[in-house]
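Residue-level structure breakdown
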Amino acid sequence: MNSGMDTLPPTPPQDHIGPQSATLERWLTGPRFNRLPAPGAQDAAPALSFEFFPPRTEALETQLWTCVRRLEGLAPRFVSVTYGAGGSTQARTHATVERILRETSLVPAAHLTCVGAERGVIDDIARQYWDAGVRHIVALRGDVPGGGAYVPHPGGYAYAADLVAGLKKVADFEISVAAYPETHPAALSPQADMDSLKRKLDAGATRAITNYFFDADVFLRFLDRCLAAGITAPIVPGIMPVSNFAQAKKFSAGCGASVPYWMERLFEGTEDDPETRRIVAAVTAAEQVRVLQANGVDEFHFYTLNRPDLTYAIAHILGVREGLK
Ligand SMILES: Cc1cc2nc3c(=O)[nH]c(=O)nc-3n(C[C@H](O)[C@H](O)[C@H](O)COP(=O)(O)OP(=O)(O)OC[C@H]3O[C@@H](n4cnc5c(N)ncnc54)[C@H](O)[C@@H]3O)c2cc1C
């Protein structure tokens, strides 16, 4: 795949450069990266979607709505609202999705999981969404609350592919599903996981949103594997702008996202320096999306964590402006 970078051939080593010039020699003999293409070089601004979580307290509710209002002007294709482990946020997810539908110009998508519920219960939740005017579901298996091995509910949907098929029987929802560039941690093998993704799309999902990742190359290689598996639906990269590195590292260990050493080095020494951390976070995520954009990727899903600033700035860098569709 095209790296998207303007590269110049490396300068060959020069015999006459002595040891005292070692630094200059090192600079002159490495690969040359001139620049990434300017964002304006792309034909159109990319299509974005933003993910929120349903708030637990009044303070978090205020934070969420500040975030929603700030990002609304960027006219995302849709915004999605997560569903707590084991359905623990069912009412709050529903209330948030309905309020977005009622009070904003945004198109909401409700996350829904299989864990711990009978099919009939899940179908009823989906029907309520449909009746309320919600047309987009992010269909997931979910995880066992508190961790532990997943065992399907005896009367429930076992895996996300079963849920997608069930939802399609309830109504003609638009359905997005999850994908894992570095393989889902519980998958039998990368190929088994790819087969599972294909089953979800064959069952009626029209898009996959990936787990977050930090090396653009990880995503680009995953796209190659999807294509080789006969998948043609959009695989939208999930972008997580990380400003709390320690927390992200802890979380990544459980969800199959590797944290590269270079990233650790970037955040090193910023533990007590939130301002520098935020700048590092913005640059890191901006670089990631710019490389993807340079490789032709023109759809992005942002895990906002209900904080608008980094997402807004990175969207701006991608060429997305208020008032532009
Ligand atoms: C974009 C995105 C949004 C998310 N939102 C939420 C959310 O709102 N709430 C939440 O609780 N979690 C959420 N998650 C996390 C998700 O629920 C977990 O990662 C979960 O462990 C897997 O869900 P899935 O839908 O990918 O499952 P599936 O696609 O069902 O796959 C789960 C595992 O089972 C394997 N598998 C699939 N089919 C079979 C089969 N027939 N037999 C044996 N093994 C099989 C797969 O290879 C994989 O290892 C989200 C993840 C992503 C990437």
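Scroll up to find the structure.
These remarks concern the structure in this document.

Think of it this way: side chains of opposite charge can pair up when their charged atoms draw near. What the rule picks out here adds up to 14 salt bridges. As a salt-bridge pair, Arg77 and Glu299 come within 2.9 Å of each other at their nearest N and O atoms. One end of the pair, Arg77, is in the loop between helix H2 (58–72) and strand S4 (78–81); the other, Glu299, is in strand S10 (residues 299–303), and 222 residues separate them in sequence. Arg207 is the partner of Glu174 in a salt bridge, and the nearest nitrogen-oxygen pair spans 3.0 Å. In this pair, Glu174 sits in strand S7 (residues 174–179) while Arg207 sits in strand S8 (residues 207–212), placing the two residues 33 residues apart along the sequence. A relative accessible area of 33% means that Glu174 is categorised as partly exposed. Owing to a relative accessible area of 8%, Arg207 belongs among the buried residues under this scheme. Several salt bridges share partner residues, and in doing so they unite Glu61, Arg99, Arg102 and Glu103 into one network.

What follows concerns the site of the ligand. By nearness alone, 23 residues border the ligand, and Tyr83, Asp143, Tyr180, Asp193 and Lys200 come closest of all. Interatomic distance of 2.7 Å between a side-chain N/O atom of Tyr180 and an oxygen atom of the ligand. A distance of 3.2 Å separates a nitrogen atom of the ligand from a polar atom in the side chain of Arg199. In isolation the ligand has 980 Å² of accessible area, and contact with the protein removes 83% of it.

Counting buried residues in S10 gives five out of five residues, a clear majority hidden from the surface. Residues Glu299, His301 and Tyr303 point to one face of S10 and Phe300 and Phe302 to the other, with burial holding for every one of them.

Within the secondary structure, Thr210 sits in strand S8. We classify Thr210 as buried; its relative accessible area is 0%. Contact partners of Thr210, with chain neighbours within four places excluded, come to Ala179, Pro181, Phe219, Phe222, Ile235, Val236, Pro237, Gly238 and Tyr303.

With that settled, consider empty space enclosed by the protein. Gaps left between atoms show up when a probe the size of a water molecule is rolled over them. One pass over the structure, following the stated rule, counts one cavity of 30 Å³ or more. Lining the largest cavity, in full, are Phe214, Met240, Val242, Met263, Phe267, Ala281, Thr284, Ala285 and Gln288. Elements supplying a minimum of two residues to the lining of the largest cavity: helix H9 (261–267) and helix H10 (274–294). No other element matches H10, which puts four residues into the lining of the largest cavity. Split into classes, the residues belonging to the lining of the largest cavity amount to seven nonpolar, two polar and no charged.

The subject of this paragraph is the sheet that holds strand S3 (residues 47–52). With respect to topology, eight strands assemble into a closed barrel ordered S3-S4-S5-S6-S7-S8-S9-S10, the strand pairing being parallel. On average, each strand axis in the sheet is inclined to that of its neighbour by 30°, with strand direction left out of account.

How each quantity is defined
Residues numbered from 1 in each chain as written. Predicted model: local features only at pLDDT ≥ 70, side-chain atom pairs only at ≥ 80, totals over all residues. Heavy atoms only, no water. Salt bridge = Lys/Arg side-chain N within 4 Å of Asp/Glu carboxyl O. Helix = DSSP H or I, 4+ residues; strand = E, 2+ residues; numbered from the N terminus. Buried < 20%, exposed > 50% of the residue type's maximum accessible area, 1.4 Å probe, protein only. Near = heavy atom within 4 Å. Polar contact = N/O pair within 3.5 Å; in protein donor to acceptor, adjacent residues only side chain to side chain. Areas by Shrake-Rupley, 256 points an atom, 1.4 Å probe, with all protein chains shown as cover. Contact = heavy atoms within 4.5 Å. 1 Å grid on protein atoms, 1.4 Å probe; cavity = no way out; pocket = protein on both sides within 12 Å on 5 of 7 lines; lining within 4 Å. Points joined across faces, edges and corners; volume = space filled by probe spheres on them. Nonpolar A, V, L, I, M, F, W, Y, C, P; charged D, E, K, R; others polar. Pairing = 2+ DSSP bridges. Axes fitted to C-alpha atoms, helices over the stretch in contact; angles between N-to-C directions.

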